[in-house]
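Summary of the model geometry
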Amino acid sequence: MVTEKISCEECEDLSCSITSVPTLDGLQDTVHKLRYAASDKETWSQTVLRTANAISMSEKTPELCAKFGQAYYNMMVRFDFVPGGRILRNSGKPKGNLLNCFVLGVEDNIESIALDWYGPGMIVSKYGGGIGFNVSSLRPEGEQLKTQGNNSFATGPVSFVDGLNHVLRLIRGGGDRRAAGLALLEVWHPEIFKFINSKHEDGKLENFNLSVGVNDAFIKAVRGGKDWELAFGSKKYKTIKATELWDYIVKHAWEVSEPGIINFEKMQRENNLWYCDTISSTNPCGELPLPVNSACCLGSINLSNMYDEKKNEVNWKKLRDTIALSVRFLDSVLDVSYYPITQIGLNVQAARRIGLGTMGLHHLMLKLGIKEYGSDEALEFIDEFYRRFRDISYLASSALALEKGSFDKFVAEKFLQGTFPSTLPRRVRTSIRENGMRNGTVLSIAPTGTIGLLAGTSQSLEPIFAPIYKRKYYEGREVKEVTEFDTLFKDFVVKGKDVSHFIGATEVSPKHHIEVQSTVQQYVDNSISKTINIEKDYPIGKLSYLLLDNIDDIKGTTIYRRGSRKSEILTPCEYKLPNEQLLKLLKK
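Residues numbered from 1 in each chain as written. Predicted model: local features only at pLDDT ≥ 70, side-chain atom pairs only at ≥ 80, totals over all residues. Heavy atoms only, no water.

With antiparallel pairing, the 3 strands of this open sheet are ordered in space as β18-β17-β21. Edge strands, defined here as strands with exactly one partner in the open sheet, are β18 (478-485) and β21 (570-572). Averaged over all adjacent pairs, the angle separating strand axes in this sheet is 25°, with direction ignored. (Pairing = 2+ DSSP bridges. Helix = DSSP H or I, 4+ residues; strand = E, 2+ residues; numbered from the N terminus. Axes fitted to C-alpha atoms, helices over the stretch in contact; angles between N-to-C directions.)

Taken as a whole and assessed by the stated rule, the structure comprises 37 salt bridges. The shortest N-O distance in the salt bridge between Lys194 and Glu141 comes to 2.7 Å. Placement of Lys194 in helix α7 (residues 192-197) and of Glu141 in the loop between β3 (130-134) and α6 (157-168) is noted, with a sequence separation of 53 residues between them. The salt bridge involving Lys497 is made with Glu309; its shortest N-O contact spans 3.7 Å. Here Glu309 lies in the loop between β14 (307-308) and β15 (313-314) and Lys497 lies in the loop between α18 (487-494) and α19 (510-521), a separation of 188 residues in the sequence. Owing to a relative accessible area of 53%, Glu309 belongs among the exposed residues under this scheme. When salt bridges that share partners are traced, they join Glu384, Arg387, Arg390, Asp391 and Arg427 into one network. (Salt bridge = Lys/Arg side-chain N within 4 Å of Asp/Glu carboxyl O. Buried < 20%, exposed > 50% of the residue type's maximum accessible area, 1.4 Å probe, protein only.)

What follows is about the confidence of the model for the protein. Mean pLDDT for the protein: 93, with 95% of residues reaching 70 or above. Low pLDDT (under 50) marks residues 6-10, which in the prediction has 10 contacts with non-local residues, meaning those over four places away or in another chain. (pLDDT = per-residue confidence, 0-100. Contact = heavy atoms within 4.5 Å.)

Before going further, it helps to examine the pairing of strand β17 (residues 468-475). Examined bridge by bridge, β17 and β18 share 8 bridges and lie antiparallel to one another. Across the sheet, the residue bridging to Tyr473 is Lys480, located in β18. Where β17 folds back on β18, the antiparallel hairpin that results is connected by 2 residues, among which Gly476 adopts a positive phi of roughly 70°. In the sheet, β17 pairs with β21 via 3 bridges, with the strands oriented antiparallel. Bridge pairing in β21 places Arg471 opposite Leu570.

The next subject is unusual backbone geometry. Negative phi is the rule for most residues except glycine; trans is the rule for most peptide bonds. Cis geometry is adopted by the peptide bond preceding Pro259, which originates at Glu258 and carries an omega value of 10°. Among the structural elements, Pro259 can be located in the loop between α9 (242-256) and β10 (260-263). Positive phi, normally seen in glycine, also occurs at Ser257, with a value near 70°. You can see Ser257 is positioned in the loop between α9 and β10. A relative accessible area of 4% places Ser257 in the buried class. Residue Ser460 is not a glycine yet carries a positive backbone phi of 50°. Summarising the element assignment, Ser460 is placed in the loop between α17 (449-455) and β17.

If you walk through the whole model with that rule in mind, you get 25 aromatic pairs. Aromatic pair Tyr386 and Phe389: ring centres 6.1 Å apart, planes at 45°, arrangement tilted. On the criterion of helical spacing, the pair formed by Tyr386 and Phe389 is a turn pair, its members being 3 residues apart in helix α14 (residues 376-404). Its relative accessible area of 3% is what places Tyr386 among the buried residues. Classification of Phe389 as buried rests on a relative accessible area of 3%. Their ring planes at 40° and their centres at 5.8 Å tell us that Tyr394 and Phe420 sit as a pair that is tilted. Residue Tyr394 is located in helix α14, and its partner Phe420 is located in the loop between α15 (412-417) and α16 (426-435); the two are separated by 26 residues in the primary sequence. Look at Phe420 and you get buried, because its relative accessible area is 3%. Ring-pair connections join several aromatic residues into one group, and the members of that group are Trp316, Phe381, Phe385, Tyr386 and Phe389. Positioned over the ring face of Trp316 is Arg388, at 3.7 Å from the centre of the ring. The ring of Trp254 is capped by Arg561, whose NZ or CZ atom sits 3.7 Å from the centre of that ring. (Phe/Tyr/Trp six-rings, centres within 6.5 Å; stacked < 30°, edge-to-face > 60°. Lys NZ or Arg CZ within 6 Å of the ring centre and 35° of its normal.)

So, about the packing of helix α5 (residues 110-126) against α6. Interaxial distance between α5 and α6 falls to 11 Å at its minimum, and their mutual angle equals 35°. The way α5 lies across α6 gives a crossing that is right-handed. When α5 is examined against α6, the residues Ile110, Ile113, Trp117, Tyr118, Gly121, Met122 and Ser125 are found in contact with a partner set consisting of Phe160, Val161, Gly163, Leu164, Val167 and Leu168. Of the residues belonging to the contact of α5 with α6, the class tally is 10 nonpolar, 3 polar and no charged. (Left-handed = near helix turned anticlockwise from the far one by under 90°. Nonpolar A, V, L, I, M, F, W, Y, C, P; charged D, E, K, R; others polar.)

To continue, consider the environment of Lys204. Within the secondary structure, Lys204 is located in the loop between α7 and β7 (208-214). On the accessibility criterion, Lys204 (42% relative accessible area) is partly exposed. Linking Lys204 and Glu107, residues 97 residues apart in sequence, is a C-alpha distance of 25 Å. Sequence-distant contacts of Lys204, defined by excluding residues within four places in its chain, comprise Ser198 and Lys199.

Right under this line is the structure:
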């Protein structure tokens, strides 16, 4: 059992028994209290203490529990690493589900819809899990139900997604978290047009994200202007031009920011466990491709804290130590979590997938003085950084396998034949061959929206939204607005540092957005949740070309066009002002 100790500010030893506790500002404190605290009185330090003690219980001896509990506490309390929300919220609680991300399956019959989909979906949602579903197995609307008589017809996958959406409205997870689902439909399905259009009206299917699963044949047909068949089983429904469907996807993404696009065949092709598992869908945000009845835990390293100010470079020693400890932490989560469905627990234990990611990339680059997000300078840095991040992470999982054993489904020869493991350098592959792998997958870039706010850093791979922005919020039934500064921009302004290289997400070209994503995807075995921000008047044709030109290099993406939603919480403000004016704004 770890008890909190507070002292030195500078210590970087993650196993040290003393560390400082940062003070949460107004927004950080609000996020902590609303989403993660076990009670109104629980402080950030107490939340971390509860979490560290719960996760360290997976260790074999009291001495190891104390050692790693202290190290976990030190790492999390100063925001070097922040685990996924379910871990912070539910650690140490009875029946505490610690996994954010699930995928369930469904077959084309009412029994499976009820027992494999709706029922388990409700149970997982009750415990705070977000769920992905591939609904391509369900026959299209109008198909005759032979066992029900001549006048009985299928209502199609969209109707059943809508039905589950109504059910999920009634369920709230921990921290008043609404249920979250993703419905995936593949491009060959006859109901694909109806599916794409089903969220065109604002407020429809509010508990679901929608994604379209594309494959190599479809992309080739689009590029070649070829025909495309919509079929279910052996029955062909309609032949269209592939470009007609592609244009419909892009048009709706431009208009309402949905559907997302998932490169489904690339996900299958680059599945580390290709020899024993088939990817069915992703979680709601798209960063975790998973088989049916599986789940994964998430956590992100705060790259802004990996900056060595004295040397103006990445603190690689601190990052290496943080990665090793984070991999151990997430692996331990799999052992101490409660699983609301037994079969999911068994599948998780057999594959031991974890999703270690990053946040604070843009803050780190701004500290380093990198001038433009997505520039050649930035891409060169990102390429080298994430290559090393991948190698260190895989070596950490391999070292953990030497200590605790490989995941049950690990077969060295087949694992190393996988598309992603085959890109690893020789020394990493040798370690895997000799020591094994503790985890079937290791890396995933989650959106980190809320934990990024909690840590006071830029989110995921994203550029900061804006150096200065207005945020809308509800106070009772009244909508209010407050002006906020990006935390790093504020720090630079207060210290009188040059802020000329700061830009916001809407100032980054869509090309640079997607180039950052494709660069990082090379080094991530799971997937990346990434938003491509475009301006209100960005041409649809230009967006279509951009996506088609880059789809081979990414596993999925989402578009957000400014003004595409009726209500936008954040609005960028003018920030290119003299320092004196910026300081006056801060005082207000």
